Every structure is written in C-alpha cells, then in structure tokens.
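Fold and contact review
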Amino acid sequence: MSGYHVDLTGRFRAALAGCYDARRAAALSGVPVSTAYYWAREQVVVPTVSPTRQKLWSYADLMALRIVYWLRHPKPVRDSVVPRSPMPQVREALDELEQRGLDIWAEDPHESGTPLLVNIDGRVHLGDGWAAGTHGQLSLVSMLDLLGPFGLGDHHGPDLVRPRPSIRIVPGKVSGEPHLVGSRITTKSVAALYRRFGDLSRVAALYPEAAPRTIEQAVDLENALAA
C-alpha cells in the first residue's frame, strides 16, 4: 500500500468533504505541522483533497494523522512501555480504516456507542466492542478514540465532532470547519471579529441568534488551535 488513499461510498465518503491546509490539519489532528508535511512527502498520509502544490487534507486525513502519530509513539501500559508500532502495522491499520465504511457521523455519533477506536496492536475497532479483522482477544489496555480529544506531549487536538459543547464539526458542512451548532457560522469568523473588536459582547451582538457562551466557546477553541 503506497500511502493512504480513500475510496469509499456512503456516509464515510462525507469525510472527504473537509478541506484543511497544513496548519489547520495539524491543529485539528494534534500532529505537528512539520510531521504532516513529512508524511505527505514520504507517502505515509497523502492529503486526499490536494496532494500537490498547496496540499489540502480531508477530515478523514485528520484521523489518519492521529492513527500514525499515536501508533508511532511509545505508550505506557501498566509497568512497561509498548514500543512504537512498525510502519507496516501502521499501514495495515490505515488500510483497515479505509475498508470499514463506518457510519461514524450518525445524528449523535458519540451517543450511539460506536466511536472509532484503534488499539495498541494497530487494529481498528468500533466502540461497542465489535472488532474488525482482529486475531484473538481485544487489547483494551490502551486505545485511541479517533474522534475524541487527542494529545501526545506538547501537541493536542480537539474532539473532532464536538470540540466545545456548542461547537460542531461536520465533514460536509462549511468545508468541515468548526461552527456554531445549528448554524453555518464558523469559529474562524467569530474569532476574527473578536481580534478586531477585542470585546466578546460586541461580537455576540452581531450574532443575536447565538448565546454569548457559544461565542465564548468559539473564541476559546480558536485560541487553543492557534497555541
């Protein structure tokens, strides 16, 4: 398998609708931007929206970045440390993600009991305990929720569905950008206004349909992504 390329149908294809430049993809995935560029050059995680010139990553690519970054770093388990996974195992995990076609973006995916998980063996599972392509018992000692908050060392990425209580990310909506729930107002636009006015109340007055706490959450998220 030369790199990570997605060719899926149904709801999972919606993951390709997101469109992020390198810095945005890195901030949302929780992977260093230099690493995202390096993996693109080395055909490890190939940006599926645009692999050349201005590279553009999809929402599905954010999960791929997390899988590789997590598997390639040591993970403490009980009294020992699980070594980073060899690249063939990483590629196998990415390939399995590609083949599943999971309905991750149901109306309430986190409440449906089916978040997408990866275990320390590089196997992709559904959060309800059902396993795809596993051999023997599931290893539940250390698992990564691909859609949940992500962090290793100094790098952190938000929940990829609900980065804040009143903020949502939907791959096929506003190019996969975080936005105010029930609207098409992106957190980027809210934060830009806050940088201009320096006053949350003035920004909130421009969006009377949004609660002030939602405006605060939008600015807080963008500050965290920029850190």
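All values reported here derive from a predicted model rather than from experimental measurement.

Before going further, it helps to spend a moment on the nonpolar core. If you look at the biggest cluster of nonpolar residues, it comprises 49 residues, and the most contacted ones within it are Trp39, Tyr59, Leu180, Val190, Tyr207 and Ile215. Looking at this core, the elements that each hand over two or more residues are helix H1 (22-29), helix H2 (33-41), helix H3 (59-71), helix H4 (87-100), strand E3 (116-119), helix H5 (187-197), helix H6 (200-206) and helix H7 (212-226). Top element by residues in this core is H3. It accounts for 10 residues.

A separate point is H3. Spanning 13 residues, H3 covers 19 Å between terminal C-alpha atoms, matching the ideal 18 Å at 1.5 Å per step. Its side-chain oxygen 3.3 Å from the backbone nitrogen of Ala60, Ser58 forms the N-cap of H3.

Taken as a whole, this structure holds four salt bridges when the rule is applied. In this structure, Arg164 engages Asp220 in a salt bridge whose closest nitrogen and oxygen atoms are separated by 2.7 Å. Residue Arg164 is located in the loop between strand E7 (155-157) and strand E8 (167-168), and its partner Asp220 is located in helix H7; the two are separated by 56 residues in the primary sequence. Across the salt bridge formed by Lys188 and Glu177, the nearest N and O atoms sit 3.9 Å from each other. Here the residue Lys188 occupies a position in helix H5, and Glu177 occupies one in the loop between E8 and strand E9 (179-180), the gap between them amounting to 11 residues. Because the salt bridges share partners, they merge into one network encompassing Arg24, Glu177, Lys188 and Glu222.

Moving on: unusual backbone geometry. A positive phi angle is found at Gln43, which is not glycine, with a value near 60°. Mapped onto the elements, Gln43 comes out in the loop between H2 and H3. Take Gln43: its relative accessible area is 36%, and that puts it in the partly exposed class.

Roughly 440 Å³ of internal volume is contained in the largest pocket. Ala27, Ala224, Leu225, Ala226 and Ala227 are the residues nearest the centre of the largest pocket, which is lined by 22 residues in total. For the lining of the largest pocket, the secondary-structure elements that each account for two or more residues are H1, E7, H5 and H7. In terms of residue count, H7 provides more of the lining of the largest pocket than any other element does, six residues in total.

Side chains Leu116 and Val118 of E3 all project onto a buried face; the interleaved residues Leu117 and Asn119 project onto the opposite face, where all are buried too. Pairing geometry for E3 and strand E5 (residues 143-145), over three bridges, is antiparallel. Residue pairing for E5: Asn119 is matched across the bridge by Met143.

The next thing to look at is the packing of H2 against H3. It is the contact of H2 with H3, at a shortest axis distance of 11 Å, that shows an interaxial angle of 100°. As the angle between them shows, H2 and H3 are arranged roughly perpendicular. Where H2 abuts H3, its residues Thr35, Ala36 and Trp39 lie against Leu65, Val68 and Tyr69. When its residues are assigned to classes, the contact of H2 with H3 shows five nonpolar, one polar and no charged.

Now for the packing of aromatic side chains. Going through the model one piece at a time under the given rule, you end up with three aromatic pairs. Residues Tyr37 and Trp57 carry aromatic rings whose centres are separated by 6.1 Å and whose planes lie at 75° to one another, so their mutual orientation is edge-to-face. Separated by 20 residues along the polypeptide, Tyr37 in helix H2 and Trp57 in the loop between H2 and H3 bring together distant segments of the chain. For Tyr37, a relative accessible area of 38% corresponds to the partly exposed category. Among the residues examined, Trp57 registers a relative accessible area of 0% and is labelled buried. With centroids separated by 6.4 Å and ring planes inclined at 55°, the aromatic side chains of Tyr69 and Phe150 adopt a geometry described as tilted. Residue Tyr69 is found in helix H3, and its partner Phe150 is found in strand E6 (residues 150-152); the two are separated by 81 residues along the sequence. Like Tyr69, the residue Phe150 is buried in the burial classification.

Below, the discussion takes up the confidence of the model for the protein. In low-pLDDT regions, the fine details of the predicted coordinates are not to be read closely. Model confidence for the protein is summarised by a mean pLDDT of 79, while 71% of its residues fall at 70 or above. Considering only residues more than four positions removed or in separate chains, one finds that residues 1-12, a stretch of pLDDT under 50, has 39 contacts. Note on residues 129-141: pLDDT is under 50 here. Beyond four places in sequence and across chains, it has 20 contacts.

Rules used throughout
Residues numbered from 1 in each chain as written. Predicted model: local features only at pLDDT ≥ 70, side-chain atom pairs only at ≥ 80, totals over all residues. Heavy atoms only, no water. Core = buried A, V, L, I, M, F, W, Y, C linked by side-chain atoms within 4.5 Å. Buried < 20%, exposed > 50% of the residue type's maximum accessible area, 1.4 Å probe, protein only. Helix = DSSP H or I, 4+ residues; strand = E, 2+ residues; numbered from the N terminus. Expected span 1.5 Å × (residues − 1). Polar contact = N/O pair within 3.5 Å; in protein donor to acceptor, adjacent residues only side chain to side chain. Salt bridge = Lys/Arg side-chain N within 4 Å of Asp/Glu carboxyl O. 1 Å grid on protein atoms, 1.4 Å probe; cavity = no way out; pocket = protein on both sides within 12 Å on 5 of 7 lines; lining within 4 Å. Points joined across faces, edges and corners; volume = space filled by probe spheres on them. Pairing = 2+ DSSP bridges. Axes fitted to C-alpha atoms, helices over the stretch in contact; angles between N-to-C directions. Parallel < 35°, antiparallel > 145°, perpendicular 65-115°, else oblique. Contact = heavy atoms within 4.5 Å. Nonpolar A, V, L, I, M, F, W, Y, C, P; charged D, E, K, R; others polar. Phe/Tyr/Trp six-rings, centres within 6.5 Å; stacked < 30°, edge-to-face > 60°. pLDDT = per-residue confidence, 0-100.

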